[in-house]
Amino acid sequence: PDQQGYHRAPPHDFYRNIRAEIVESLENLGMDIKYHHHEVGATGQQEIELNMGPMMQACDNAMLVKYHVHNMVINYGLTATFMPKPIAAEAGNGMHMHFRLTGKNDKPLFWSDDDETNLSEMAYCFIGGIIEHGQSLAAFTNPSTNSYRRLIPGYEAPTNLFFSLGSRNAAIRIPKYATTPTKKRFEIRCPDATCNVYFATAAVVMAGLDGVRRGIHAGEMGWGPYNDMKNLPKKAQKRIPQLPCNLEGALEALKKDHEYLRHGDVFTQQLIDGWITSKYQREVLPMQQTPTPLEFQLYYSC
């Protein structure tokens, strides 16, 4: 049955052997795999989770996994998609990114013994920067029209920019199992695999560093930690920013808010302008101008 497949055992986990073969092949390439399992969505939804590594290596690995999966499933007469929302009314596909910042001698910079959540001041500000720039970040982390079919309530996908110690509906989740200095990190649950992973990861880091530079403390801003926004007073709910509801909204946010990406010339103005123009011309406008099957169903007999 749909929506009942999370970590299920065979025979309900119909594709376990295929995943295992893919993982074994990736490990033979030297990749460090944490685990793999059936996901909560329809029969064919799978997850392969990689262990953490240096930023560039992690981006390379993400590209290699996608390429490898596409090629290996062909041997079984199947195809794979990393689309954020390939099937309506089913759980979508995210590409959750875990971040851990270290200093000299690999010192963990996100850990503190003095905080009840064991988050350092730098961690709170790094998270604050991501939330502060979350709407414009979406233009890089969720850069397709299909991205926003996934970012809707009810499918463990974030719609609001807050952080949590456990909620899967939060944009940023602090894993409860990360209880030591070397494991302390947070997970950004917005991104999906339509992104250019190099641009998306760099943009997230730039937003976080801007938060550190400017002292944007996520807790003091009222952006968490919350496990359920519904239980918050309305005044507190209004302080929490929302993710854009479509790609056009994300691109408009990027137009207004991109100076944090320009710091140190990490992103050039030409790249940002070109990204916005290309996305409008190749995706936003064609989608707006093209009739869909649903429109035929709704309006054909009008």
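What you are looking at is a predicted structure, and each value in this text was computed from that prediction instead of being measured.

**Some details on the overall build of the protein**
Check the secondary structure of the protein and you find 11 helices and 6 strands. Since a compact globule built from 302 residues should have a radius of gyration of about 19 Å, the 20 Å found for the protein is in line with a globular shape. Residues counted as buried form 44% of the 302 residues belonging to the protein. Restricting to contacts in the protein with at least 6 residues of sequence separation, those with at least 24 account for 66%. With an accessible surface of roughly 16300 Å², the protein has 53% of that area assigned to carbon and sulfur atoms. Separation of charge centres in the protein, based on 30 positive and 32 negative side chains, amounts to 4 Å.

**Structural notes on the nonpolar core**
Grouped together as the largest cluster of nonpolar side chains are 54 residues, with contacts concentrated most on Ile130, Ile172, Phe186 and Leu261. Among the elements that take part in this core, helix 6 (residues 197-214) stands out by supplying 8 residues, more than any other. Ignoring anything within four residues of it in the chain, the contact list for Phe186 reads Met97, His98, Phe99, Phe110, Phe126, Ile127, Ile130, Ile172, Arg173, Ile174 and Pro175.

**Digging into the packing of aromatic side chains**
This structure, assessed with the given rule, holds 13 aromatic pairs. Each ring, one from Phe140 and one from Phe199, has its centre 6.1 Å from the other, and the planes form 85°; the classification is edge-to-face. With Phe140 in helix 4 (residues 134-141) and Phe199 in helix 6, this residue pair connects regions lying 59 residues apart in the sequence. Three or more aromatic residues joined by ring pairs form one cluster here, namely Phe99, Phe110, Phe126 and Phe186. Residue placement shows Lys66 over the ring face of Phe82; its charged tip is 5.9 Å from the ring centre.

**Digging into the pattern of salt bridges**
Applying the stated criterion to the full structure yields 8 salt bridges. The shortest N-O distance in the salt bridge between Lys34 and Glu49 comes to 3.6 Å. In this pair, Lys34 sits in strand 1 (residues 33-38) while Glu49 sits in strand 2 (residues 46-50), placing the two residues 15 residues apart along the sequence. On the accessibility criterion, Lys34 (32% relative accessible area) is partly exposed. Between Arg173 and Glu187 there is a salt bridge, and its shortest N-O distance comes to 2.7 Å. You can see Arg173 sitting in strand 5 (residues 170-173) and its partner Glu187 sitting in strand 6 (residues 186-188), a full 14 residues away along the chain. Glu187 shares its class with Arg173; the two are buried. Here the residues in one salt-bridge network are Glu132, Asp210, Arg213 and Arg214, joined through shared partners.

**Focus: a negative patch on the surface**
Together, Glu21, Glu24, Glu27 and Asp32 give the surface a local cluster of negative charge. Secondary-structure assignment places Glu27 in helix 1 (residues 16-28).

**Notes on the environment of Leu50**
One can find Leu50 in strand 2. For Leu50, a relative accessible area of 26% puts it in the partly exposed group. Not counting residues within four places of it along the chain, the set of residues in contact with Leu50 comprises Met31, Asp32, Ile33, Lys34, Asn61 and Val65.

About the criteria used
Residues numbered from 1 in each chain as written. Predicted model: local features only at pLDDT ≥ 70, side-chain atom pairs only at ≥ 80, totals over all residues. Heavy atoms only, no water. Helix = DSSP H or I, 4+ residues; strand = E, 2+ residues; numbered from the N terminus. Rg over C-alpha atoms; globule rule 2.2 N^0.38 Å. Buried < 20%, exposed > 50% of the residue type's maximum accessible area, 1.4 Å probe, protein only. Contact = heavy atoms within 4.5 Å. Areas by Shrake-Rupley, 256 points an atom, 1.4 Å probe, with all protein chains shown as cover. Lys, Arg positive; Asp, Glu negative; His and termini not counted. Charge placed at Lys NZ, Arg CZ, Asp CG, Glu CD. Core = buried A, V, L, I, M, F, W, Y, C linked by side-chain atoms within 4.5 Å. Phe/Tyr/Trp six-rings, centres within 6.5 Å; stacked < 30°, edge-to-face > 60°. Lys NZ or Arg CZ within 6 Å of the ring centre and 35° of its normal. Salt bridge = Lys/Arg side-chain N within 4 Å of Asp/Glu carboxyl O. Patch = residues over 30% accessible without salt bridge, like charges linked within 9 Å, V, L, I, M, F, W, Y side chains within 5 Å.

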